[in-house]
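What follows is the residue order along each chain.
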Amino acid sequence: MKPIKFTLINPTSDLWRVQAGEKPRGSRFFRFSMLSSLCVAAAMPPHVETTIVDEDVEAVDFDTDADLIGVSFMTYNAPRAYAIADQFRARGKPVIFGGYHPTFLPEEAIRHADAVCIGEAENNLPRLMTDFAAGTLKLFYRSDLVDLAALPRLNRSLIQKQHYAPADFVQATRGCNYQCRFCSVTAFHLHHFRTRPVEEVIDEVKSLGRNIVFMDDNLICDREYARELFAALVPLRKRWFSQCGMGIAEDPKLLKLAADSGCKGLFVGFETLAQEELRSWRKKPNLGRDYLAIMDKLHAAGIAVCAAFVFGGDEDAPDVFPRTLDFLLESNAETLQATRLTPFPGTPLFDDLDRQGRIIDKDWSHYDFNHVVYEPLHMSRETLDQGVAWVLREFHTRRRIGRRVRRCLGYMDPAVVLAGVLPLNVGWRHKLTADGNFGRGTVFSPAGPDAA
Ligand code: B12
């Protein structure tokens, strides 16, 4: 078959996009995974030569001799994806799209592309590329959920590893069986959770470096599977990091097995301290949990926690900011993801707020957790924006980072503290300065006129 040159682009925002010849901006810790692109490349038939261009790392060459352009994007980078596609198509290059945003809004996306891949790439691409070669490309390629056994091997040399977080990224599972109303991931995977055969995951992990990140949505959704995976990881003596539900802390055997198999850090969606909010968001697994006790148990197992909190739900008034900060400091969360509630297209939350006429901004570039795009119930949009910025700023003062790092040296592997917790905290300070949160974080006052 005639070789096909395929350039696959990851668009980014003005803030992080590098110009030709420029070095990537910001900490490499905030550039990671690239699994979307690597999986797309791996799903291509053998006669397709893929080049990956990540705009966080290098500039797009609009004069490329590629036969086909692909663009992978979520909601915040849709406008940039469309601008790139329009420019290529004006030069006669065909463009295909894939990722979260085109999956949820294919009719919008197709106005800028020749074909849209709806859902995962693995089943769609062989069909799409056959049609492309025959000149019979269709507008939409829709896939059933992919069977995760025998996924094609990834060629990690397609990315410039030195510009990304110093770890290897792998998926053992996809999706999550929670039904959270704000979550794009569970909507994308049609509320299903799937696993790869443990032997295949272990085979892949064996070929990689010491630090592994399982880029899974909820690694312990199937506890039996998690036990099997963790047990198989023990002899490999890796350090691993992932994301999972807080239930792991209340399953002592599973937690011990995770720690014994090298788990050093978990991203945990605490989401909110308000029980009513958890109920309305359908985050049932968090209901009634003692968050401080959960944190203590994870720390006692030597596991660092990236605590994720979402602000701006209908239960939140301005006192939510100091209360949540108190929890974060008391529990010694090692890192923080504090976000403004963002109704992504495709989620039940988006449909609810849209129906209520509360979404006031549909400029997709603002769907980056750094803008307020809807009308909150118990505070102004400005207060929500500034309150989140305040929490982020207060959490990342130099004094608090110092205290946090000293405290976690008492219960964690020092190598992980010095090579992970410390640079991540410092990296956040830089990122928050660059994206304006540090500035906006000085405006909110916990006892200000808006405070409850
Ligand atoms: C890694 C990651 C990133 C990386 C992206 C690097 C990269 N390109 O890999 C970084 C750190 C840069 C990032 C940033 C952000 N991210 Co992010 N990210 C993720 C994460 C955790 C994993 C992505 C991944 O590797 N998935 C594994 C691959 C295999 O799955 P996949 O992406 O679905 O890819 C498959 C299909 O979609 C399809 N496909 C994808 N692209 C293409 C392209 C073509 C041409 C084709 C044919 C098919 C195809 O095929 C793939 C294989 O089947 C996801 C969550 C998730 N579970 O996906 C969030 C996620 C995508 N991110 C999200 C968000 C909101 C962001 C931010 C905007 C905000 C934030 N702070 O997190 C920022 C933006 C930062 C900025 N510059 O301003 C949201 C997106 C929601 C939405 N609907 O838009 C997600 C879903 C997490 C969430 N909270 O809900 N992110």
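None of these values were measured; they are calculated from a predicted model.

Q: What is the right way to look at helix α8 (residues 223-233) in this model?
A: Spacing of three or four residues puts side chains on the same side of an α-helix, whose turn is 3.6 residues. What α8 keeps buried is the set Y225, A226, L229, F230 and L233. For α8, the angular spread of the buried residues around the axis is 125 degrees, confining them to a single face.

Q: What is the right way to read the packing of aromatic side chains from this model?
A: We describe a pair of aromatic rings using the distance from one ring centre to the other and the angle between the two ring planes. Summed over all chains, the structure comprises 24 aromatic pairs. Look at F309 and F327: their rings are 5.8 Å apart centre to centre, the planes differ by 65 degrees, and that puts the pair in the edge-to-face class. In this pair, F309 sits in strand β13 (residues 304-311) while F327 sits in helix α12 (residues 320-331), placing the two residues 18 residues apart along the sequence. With respect to burial, F309 and F327 carry one shared label: buried. An angle of 80 degrees between the planes, with centres 5.0 Å apart, marks the rings of W364 and Y367 as edge-to-face. In textbook terms, an aromatic cluster arises when at least three aromatic residues are bridged by ring pairs, as seen for F344, F350, W364, Y367 and F369. One Lys or Arg, R404, reaches over the ring of F395 and ends 3.5 Å from the middle of that ring. The residue whose ring lies beneath K431 is F30, and the NZ or CZ to ring-centre distance is 5.6 Å.

Q: Quick question: what am I supposed to make of a negative patch on the surface here?
A: Judged by side-chain charge, D290, D296, D326 and E330 come together as a negatively charged surface patch. Within the secondary structure, D290 is located in the loop between α10 (275-281) and α11 (291-300). The exposure class of D290 is partly exposed, given its relative accessible area of 44%.

Q: Even after reading the chapter, I still don't get the sheet that holds strand β1 (residues 4-10), so can you show me in this structure?
A: In a beta sheet, neighbouring strands are held together by backbone hydrogen bonds and run either parallel or antiparallel to one another. Reading across from one edge, β2-β1-β3-β4-β5-β6 is the order of the 6 strands in this open sheet, with parallel pairing throughout. Each of the sheet's edge strands pairs with one partner strand only, and the pair in question is β2 (48-54) and β6 (140-142). This sheet shows a mean twist of 20 degrees between the axes of neighbouring strands, independent of strand direction. Of the strand pairs in this sheet, β1 and β2 are connected by 7 bridges, and their pairing is parallel. Residue T7 lies in a different strand from β2, and its bridge partner there is T51. Sheet strands touched by helix α1 (residues 35-43): β1, β2 and β3 (68-72). Its angle to β1, the strand with the most contacts, is close to 165 degrees. Docked against the sheet, helix α5 (residues 121-134) engages β1, β2, β3, β4 (95-98), β5 (115-118) and β6, running at close to 145 degrees with respect to β6.

Q: Just checking my understanding: could you explain the domain arrangement of the protein for this structure?
A: In many reports, interface size means the accessible area that the parts give up when they come together. Taken domain by domain, the protein holds domain 1 (4-142) and domain 2 (168-440). Spacing between the C-alpha centres of domain 1 and domain 2 amounts to 27 Å. Counting residues at the interface gives 23 residues for domain 1, matched by 27 residues for domain 2. Each partner contributes to the roughly 2,100 Å² buried at the junction of domain 1 and domain 2, and carbon and sulfur atoms together form 75% of this total. Area buried by domain 1 at its contact with domain 2 is led by F30, Y100 and F104, which between them contribute 28% of it. For the pair domain 1 and domain 2, the interface holds 3 salt bridges. A salt bridge links E120 to R174, with the nearest nitrogen and oxygen atoms 2.7 Å apart. The interface formed by domain 1 and domain 2 includes 5 residue pairs in polar contact (both at pLDDT 80 or more). Breaking the side of domain 1 that touches domain 2 down by element, the ones donating at least two residues are α1, α2 (78-90) and α3 (100-104). Of all the elements, α3 adds the most residues to the side of domain 1 that touches domain 2, at 4 residues.

Q: Explanation requested: the pairing of strand β10 (residues 211-214) in the structure shown.
A: Within a regular strand, the side chains alternate between the two sheet faces. Strand direction decides the pairing type here: strand β7 (residues 168-170) and β10, joined by 3 bridges, are parallel. Bridged to F169 within β10 is V213. Where β10 lies against strand β11 (residues 239-243), 3 bridges are found, and the strand directions are parallel. Counterpart to I212 in the pairing with β11 is W240.

What counts and what doesn't
Numbering of residues begins from 1 in every chain and follows the order in which that chain's sequence is written. The model is predicted, so local features are restricted to residues of pLDDT at least 70 and side-chain atom pairs to those at 80 or more, both for listing and for counting; the totals for chains, interfaces and linings are taken over all residues. As a convention, hydrogens and water are excluded, and side-chain values are obtained from all of the structure's heavy atoms. Each residue is assigned to one of three classes by its accessible area relative to the maximum for its type, calculated with a 1.4 Å probe on protein chains only: buried under 20%, partly exposed between the two thresholds, exposed over 50%. Each helix corresponds to a stretch of at least 4 residues labelled H or I by DSSP, and each strand to a stretch of at least 2 residues labelled E; elements are numbered beginning at the N terminus. Note that the arc is computed from the directions linking the helix axis to the C-beta atoms. Note on aromatic contacts: the rings of Phe and Tyr and the six-membered ring of Trp form a pair at centre separations within 6.5 Å, being stacked when their planes are under 30 degrees apart, edge-to-face when over 60 apart, and tilted otherwise. Sitting over a ring, as applied to charges here, requires NZ of Lys or CZ of Arg to be within 6 Å of the ring centre and within 35 degrees of the ring normal. Exposure above 30% relative accessible area and no salt bridge define the residues that can form patches, which grow by joining like charges within 9 Å and nonpolar side chains of Val, Leu, Ile, Met, Phe, Trp and Tyr within 5 Å. All accessible-area figures derive from a Shrake-Rupley calculation using a 1.4 Å probe, and residue coverage is judged against the displayed protein chains alone. A side-chain nitrogen of Lys or Arg and a carboxyl oxygen of Asp or Glu constitute a salt bridge if their distance falls within 4 Å. Note on charges: Lys and Arg go in the positive column, Asp and Glu in the negative column, and His and the chain ends are not counted at all. For this purpose, a charge sits on NZ of Lys, CZ of Arg, CG of Asp or CD of Glu. Two strands pair under a simple rule: DSSP has to find at least two bridges between them. Note on geometry: axes are C-alpha line fits, over the in-contact stretch for helices, and angles between N-to-C directions span 0 to 180 degrees. We call two residues in contact whenever any of their non-hydrogen atoms come within 4.5 Å of each other. Marked domain ranges trace back to an automatic or database domain assignment. What counts as buried area is the accessible surface, traced by a 1.4 Å probe, that two parts surrender upon association, with contributions from both included. In protein, a polar contact requires one atom able to donate a hydrogen and another able to accept it; more generally it is a pair of N or O atoms within 3.5 Å, and residues adjacent in sequence count only if both atoms are side-chain atoms.

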